[in-house]
Amino acid sequence: MTTDSVTSHPPLEPVKSKPTHPLIQSQSLKLQLGPEVKLLPPDFGLQAGEQVAITGPSGCGKSSFLHLLSGLLTPDQGSLHFQGEELTSLSAAARDRLRASRMGLVHQSLHLLGHFSAEENIRIAMRFGGQADATRRLSKAEQRDRAKDLLDRVGLSGMAHKRPAHLSIGEQQRVAVARALANRPAVLLADEPTGSLDPATARDVFDLIREQCESEACALILVSHDLALASELPKQIDAREFVQRGARA
Amino acid sequence: MSLFGMAWRALWTRPAITLLTLLGIALGSGLICAVLALGQGAQSSFKREAALVHLMAGPEGSRLQLVLSSLYHLDQPAGILPLEDIYPWMQDDLVAQAVQLGIGDSFRGRRIVGASTNLFFLTQRDHITPLFSFAEGRAFSGDFEAVLGSEAARATGLKIGDSFMGSHGLSEGGEVHGDFPYKVVGRLAPTGTAFDRAVYTAIESVWAVHGHDTHDHEHHDHGPGEVCLAGKEVSAVLFQMNAAGPPLFAFRERMEKEAGLVTAMPLEEMHRMFTRFLRPLQRVLLLLAGLVAVVAGLNILNTLLQSAEQRRRDRAVLRLLGARPRDVVSLVFLEAVLLVFIGLALGWFLAHLGLAIAQPTLESRMGLHISAWAPVASEWKALGLIALGGAVCGLVPALMQYRRSPLRDVNPQA
């Protein structure tokens, strides 16, 4: 994008378009959800390693946009390219593979698997990532090493064998971040990752996500209604326009 | 982590429900296994013994009673038969061994069977290997000497050199023949047949106890080498023959027509008994066990549907992590398969453990020699059918998962 999409707060930085293939490129996306038509960012682009925040109140289409990007939803209209590949023309299975191997997802409601330990949660992501893309397949020993490394980096050394129920909410979100990065994704899609955390923990998790994305050379799209945190990212998109545009359409 | 490992872990997230479901499957399959193993074991046990003796002859009564009373020691003898009526038939060239039996007394619930000494010449089905061997001691040779069958030795507690007195009748509490003490001179090795359950003595001793040989031999004219048959009676005669098939059938027919004897071929009688009485009973039991298995199957379905409902979010998360729909289906199905197979294995084990525990009682009270742990072919078929039913039950929730949107389950408001 692009975007010059204008938000009322905080001030947006100008978008620097690059001549090379963007990591993600969408045009004229239109999504029908029930009676509501959402016109998602008409033109959106994300370069490798870039970090962008999408802000706006609930129901304005922030999460829907992430679901489109991750291939969980398909647009009714428009084009969406990921690393030069047209997502809308891929089968559901191919989109699943792409999501497993090249995208990391973090959600507000954690979504850890309760009957697996922190390390196992990460290794399960590696298992399916390796299944989706053989080049990312790791041996069991490599999986263990990588999981341990990720847990160390998110500050959970020594908690590899704890199940989510035995971790605090903040610790669980850290596991979720580590899991999202397990397959060295090209982009991390974070949907309100700090939404259920107290301000101090939210700050920790936010910083952690940014740091880890930078150290993994992973782009970040962060959906948040926390304008203060979002404003710290180099680029912001105001999602209120999504629905407004839809309404006009 | 393999899908198998994940399914295994998922199974034990709700241990109480999993254990109850397993118990239900184990109960249904275990009952089926027990009924089949018991039926098969009883049939082969009876047939094993029935095959040892080609033909039996006895007094007027039913053929089945003759076989059950004199071969299996399970029924009262129909009466007695003058030895002279049957003796000529025992001398026929077709006859390999004809063992006279006199049954009527018992000791501590075990029958005292008077037998001619050629009892110990009976062979196994190969007609060569002797049926009996002695664990200790020797065969009876004189009056009131007794040889213990292996199970009778265990049940009565008698040992070589012990003396005991028989009581009249085949149940405990009969009149004790106090003037005729028996002395134990031998103990037989187990044969795995009903022969193990009796105490054996010379038939002459039984005649003496019951006063059947009281006529005066001094004033009775016997030729040289002739056997005096007067006053002697038998409960039955067991025949091992030199030939089977048509000659045996013809021999039997002549015995019945010419001498008016009741004869029975144990194999034929046992087959008839199984067909007429035991098989229908077995079918009823199988039907009941089958109903239990169906209930267990519905329980599997219920457990898996509940599990599918409760873990919708987890499975949606797996989809978000890249699990294909077929991975999720496989997980649900594997869970069902694990439940079914563990339940079936548990059922088989419990059924056979039950048989092993009941084995001594079955052997001593009913004469059933069952190999408690031996696999039975019909069991595998039944277990296979239950497994198939369980797998079908597992497919229902598995396929329901196939087309579920992970987005809806992971984020219900989406």
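Residues numbered from 1 in each chain as written. Chains lettered and ligands numbered in written order. Predicted model: local features only at pLDDT ≥ 70, side-chain atom pairs only at ≥ 80, totals over all residues.

A. Spatial organisation of the packing of helix α3 (residues 63-70) of chain B against helix α8 (residues 266-310) of chain B. Residues and elements named next belong to chain B. Here α3 crosses α8 at 105°, and the two axes come no closer than 10 Å. Taken together, the axes of α3 and α8 are roughly perpendicular relative to one another. When α3 is examined against α8, the residues R63, L64 and V67 are found in contact with a partner set consisting of P266, E269 and M273. A per-class count over the contact of α3 with α8 returns 4 nonpolar, no polar and 2 charged. (Axes fitted to C-alpha atoms, helices over the stretch in contact; angles between N-to-C directions. Helix = DSSP H or I, 4+ residues; strand = E, 2+ residues; numbered from the N terminus. Parallel < 35°, antiparallel > 145°, perpendicular 65-115°, else oblique. Contact = placed C-beta atoms within 7 Å. Nonpolar A, V, L, I, M, F, W, Y, C, P; charged D, E, K, R; others polar.)

B. Summary view of the nonpolar core. Formed by 177 residues in total, the largest nonpolar core has its most connected members in V187, L188 and I221 of chain A together with M56 and V237 of chain B. Counting residues per element, this core draws most heavily on helix α2 (residues 15-50) of chain B, which supplies 15 residues. In this structure, this core is formed jointly by two domains, domain 1 (3-46 + 273-410) and domain 2 (55-264) of chain B, each of which donates at least three residues. Apart from the residues lying within four places of it in its own chain, the contact partners of V237 of chain B are M56, A57, I86, M90, A98, V99, Q100 and L101 of chain B. (Core = buried A, V, L, I, M, F, W, Y, C linked by C-beta atoms within 7 Å. Buried ≥ 20, exposed ≤ 12 C-beta atoms within 10 Å, placed from the backbone. Domains from an automatic or database assignment.)

C. Local environment of the domain arrangement of chain B. Residues and elements named next belong to chain B. You can read the domains of chain B as domain 1 (3-46 + 273-410) and domain 2 (55-264). The interface is formed by 5 residues belonging to domain 1 together with 10 residues belonging to domain 2. Partitioning the side of domain 1 that touches domain 2 into residue classes produces 1 nonpolar, 3 polar and 1 charged.

D. The pairing of strand β1 (residues 55-58) of chain B, seen in detail. Residues and elements named next belong to chain B. Taking every second residue as pointing to the same face, both faces of β1 are buried, with L55 and A57 on one and M56 and G58 on the other. Bridge analysis of β1 against strand β11 (residues 236-241) gives 3 bridges, and the strand direction is antiparallel. Note that in β11 the partner of L55 across the bridge is F239. In terms of strand pairing, β1 meets strand β12 (residues 262-264) through 3 bridges, oriented antiparallel. Bridged to A57 within β12 is T263. (Pairing = 2+ DSSP bridges.)

E. Looking closely at the environment of W89 of chain B. Residue and element names in this part refer to chain B. Relative to the helices and strands, W89 resides in helix α4 (residues 83-90). Here the alpha-carbon distance between W89 and F251, two residues 162 residues apart in the chain, equals 8.8 Å. Beyond its immediate chain neighbours, meaning those up to four positions away, W89 contacts M255 and A259.

F. Structural detail: the confidence of the model for chain B. All names here are of chain B. Here chain B shows a mean pLDDT of 84. Residues at 70 or above account for 93%. Of all helices and strands in chain B, the one with the weakest mean pLDDT is helix α12 (residues 406-410) (73), whereas strand β6 (residues 145-148) scores best (95). Predicted as a complex, the structure gets a pTM of 0.70 and an ipTM equal to 0.80. (pLDDT = per-residue confidence, 0-100.)

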